[in-house]
Amino acid sequence: MRDLLWADNVSFRYAPGAPLVVDGVSVRLAAGALVGILGPNGSGKTTLLRLLSGTRRPSSGRVLLGERRLDQLSRRDTARQIAVVPQETELAFEYRAIEIVLMGRHPHLGVFAVEGPGDIRIAEDALAATGTSHLADRPFHEISGGEKQRVVIAAALAQSAQLLLLDEPTASLDLRYQLEISSLLSRLNHDHGVTMAISTHDLNLAASICRELVMMRDGRVLAAGPVAEVLTPENVKALYDVEADVHVNSATGHMTVVPVRLATPKRVREGGLISR
Amino acid sequence: MSIRRRILTVVAAFAVFAIAVMLWAPTVGSTSISLTRALDRSIPWESNVDAQIFFVARLPRVLAGALVGATLAAAGVVLQALLRNPLATPFTLGVSAGASLGAMLAVTMQLELSLLGITSIPLASFAGSLVATGIVYALASSQRRGLSTNVLLLAGVTLNSFFSALILFVQYLADFAEALRAIRWMMGGLDVADYFPILAALPFIVVAFAVFAMLPRTLNLLSVGAESAAAKGVDIVSAQRLAFVSASLATGAAVSLGGPIGFIGIIVPHLVRLMVGSDHRIVLPASALFGAAFLVLCDLAARTLMSPLEIPVGVVTALIGGPFFLWLLVKRS
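Structural notes, computed from the coordinates. (Residues numbered from 1 in each chain as written. Chains lettered and ligands numbered in written order. Predicted model: local features only at pLDDT ≥ 70, side-chain atom pairs only at ≥ 80, totals over all residues.)

**Topic: the sheet that holds strand β3 (residues 34-38) of chain A**
Residues and elements named next belong to chain A.
For step 1, the next point in the chain: If you trace the 6 strands from one edge of the open sheet to the other, you get β6-β7-β8-β3-β9-β10, paired in mixed fashion. The open sheet is flanked by β6 (82-85) and β10 (220-226), the only strands paired with a single partner. Strand-to-strand twist of the sheet, defined as the mean angle between neighbouring strand axes without regard to direction, takes the value 15°.
For step 2, the next point in the chain: Inspection of the sheet shows β3 paired to strand β9 (residues 212-217) by 4 bridges, in the parallel sense. Following the sheet pairing, I37 is matched in β9 by V214.
For step 3, the next point in the chain: Running over the sheet, helix α5 (residues 145-157) touches β6 and β7 (163-167) and is turned about 170° from β6.
For step 4, the next point in the chain: Sheet strands in contact with helix α9 (residues 233-240) are β3, β9 and β10, and its direction is about 155° off that of β10. (Pairing = 2+ DSSP bridges. Helix = DSSP H or I, 4+ residues; strand = E, 2+ residues; numbered from the N terminus. Axes fitted to C-alpha atoms, helices over the stretch in contact; angles between N-to-C directions. Contact = placed C-beta atoms within 7 Å.)

Structure representation (structure tokens):
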């Protein structure tokens, strides 16, 4: 399959002289892919997503969208093809859910243009796809966390982009909403053909809906490939310093990860600083 | 109702209100006049006292109030969205303090310069506002990536108190009459003698409003967050620059015309949001129109309540605005 989005050996630092947050990372998103990006806090997942969405430019390396370099496309042209669901959405003013979703039409509208019937239909479809049609006229700040997240996903869908990048979409949600969001994402990928990259801390979510994983630590890629190959106890340990059992349900092929205990850091063992 | 219809209907309603206020206000005063008689062109100008009072004595002041009110309210809307802070005002970023320092210096140094017929105080205050804007802009854009809204806020607040200290210092050195004149200017006043000062401020305000007209959807996205706005196709850096520079320019021009009249830039946008929601395509034009009407009404109160004594209009807006602002703060928390 052809690559839709390709980060080619990208590195990034937030300021000159600051440490590299992303260090020589290559990621390929084929059309229809559903890639999970895993890694501990501060591993560079969010920054990698920003590079992939073009809201930040890599300090070195390049990001290709199809044949074009992302840094040569305008924000507007990029936003028509890549939509982003940020980790948190905090409004400075009060908007209704439908207003938030309609904002997704921004890259498709001219400077003085107003959303027409076509745009409204797309926004309503996006609300329907995320199961939030009944929330359309509710003030965004009054709905629950899971509902907010779904409305924000609807706003990204309204961009009519072929790529969707999600930054920890289930991080602050309870079990039920986690399940709702993950089945929504899975459905969008299967039924609507949306190509996705999802950064997450939830290994089981990643195992259940993603087909490929990219494991990041300290800004570098530790391992990447199909879930079944990459999601191993060794890699989980290398990623999080946690010993984990990885179970494969032989009937469904579902993988589950159960953390067991903290792995003893290597240097402590070798130095013999702690006697056990 | 389609979105376009709703925007047009609401804005038209605000426009009707603003125009009605602007036609009514000049008829009220020490001598009541009749609007129909003032606008009756069959009566010769020389013998139409109502028309003379309306067009010569009172309309310039009403227009000045409308222009200043519209500008401060619209600039408030733009800065609140830019800074993602509902409590920002057009003066938060130091523009008015710069303008006041300029005016103060013009008074105490007895500058007698004038440019194209504009006198030294408005000239110096406009120059002061440009200097303040330039300093804040340079500080906030010293970082590599666009304007930092945090640095903008901190730089503005710091500059405000720094300039206030300079103003007090200059005031301390000035003689009594000069100091009083400068303080009187800082209370705000719309007592323009003719149309000329309005025409002088107008070009800057027109340019700024032309920029404002391109911003509303971008302001909606900015109020949802810079990162998410960027992902939805907003060029954050140029949007922030356009918003900051146009709002500061407009504020500088308005302050040079009417003095630093407080609270318009915060009360009006909040009242309008309570009435029509947060879509900036409505909030921005509606605030400009409501701001115009609001300041004209405040000025009407200022010149009639204790007639023949005139209350400075800045005192009237602050007397209404102060308690309102506190109520808003309490309600928010």
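Moving on from the coordinates now.
**Points about the nonpolar core**
For step 1, the next point in the chain: In terms of nonpolar packing, the biggest core is built from 176 residues, with V101(A), A154(A), L164(A) and V78(B) touching the most fellow members.
For step 2, the next point in the chain: Examining the composition of this core, we find that 16 residues originate from one element, helix α3 (residues 49-82) of chain B, more than from any other.
For step 3, the next point in the chain: Once residues lying within four places of it in the same chain are set aside, the contact partners of V78(B) are F212(B), L215(B), L219(B), A243(B) and A247(B). (Core = buried A, V, L, I, M, F, W, Y, C linked by C-beta atoms within 7 Å. Buried ≥ 20, exposed ≤ 12 C-beta atoms within 10 Å, placed from the backbone.)

**A short note on the sheet that holds strand β4 (residues 60-65) of chain A**
Residue and element names in this part refer to chain A.
For step 1, the next point in the chain: With antiparallel pairing, the 4 strands of this open sheet are ordered in space as β2-β1-β4-β5. Two strands close off the open sheet at either side, each with one partner strand: β2 (22-30) and β5 (68-69).
For step 2, the next point in the chain: Across 2 bridges, β4 lies against β5 in antiparallel orientation. Each bridged residue has a counterpart across the sheet, and for L65 the counterpart in β5 is R68.
For step 3, the next point in the chain: Sitting on the sheet, helix α1 (residues 45-53) is in contact with β1 (3-12), β2 and β4, with an inclination near 125° to β1.

**Some details on the packing of helix α1 (residues 3-24) of chain B against helix α13 (residues 280-304) of chain B**
Residues and elements named next belong to chain B.
For step 1, the next point in the chain: Between α1 and α13, the least distance of the axes is 9 Å, while the angle of their chain directions is 10°. It follows from the interaxial angle that α1 and α13 lie roughly parallel. For the pair α1 and α13, the contacting residues are I7, V10, V11, F14, A15, F17, A18, V21 and M22 in the first and R281, I282, P285, A286, L289, F290, A292, A293, V296 and L297 in the second. (Parallel < 35°, antiparallel > 145°, perpendicular 65-115°, else oblique.)

**Some words on unusual backbone geometry**
For step 1, the next point in the chain: We note that E168(A) has phi near 45°; this positive angle belongs to a residue other than glycine.
For step 2, the next point in the chain: Considering the arrangement of structural elements, one finds E168(A) in the loop between β7 and α6 (175-192).
For step 3, the next point in the chain: The buried category is assigned to E168(A), around which 20 C-beta atoms lie within 10 Å.
For step 4, the next point in the chain: Despite not being glycine, R84(B) shows a phi value in the positive range, around 50°.
For step 5, the next point in the chain: Inspection of the secondary structure assignment puts R84(B) in the loop between α3 and α4 (95-108).

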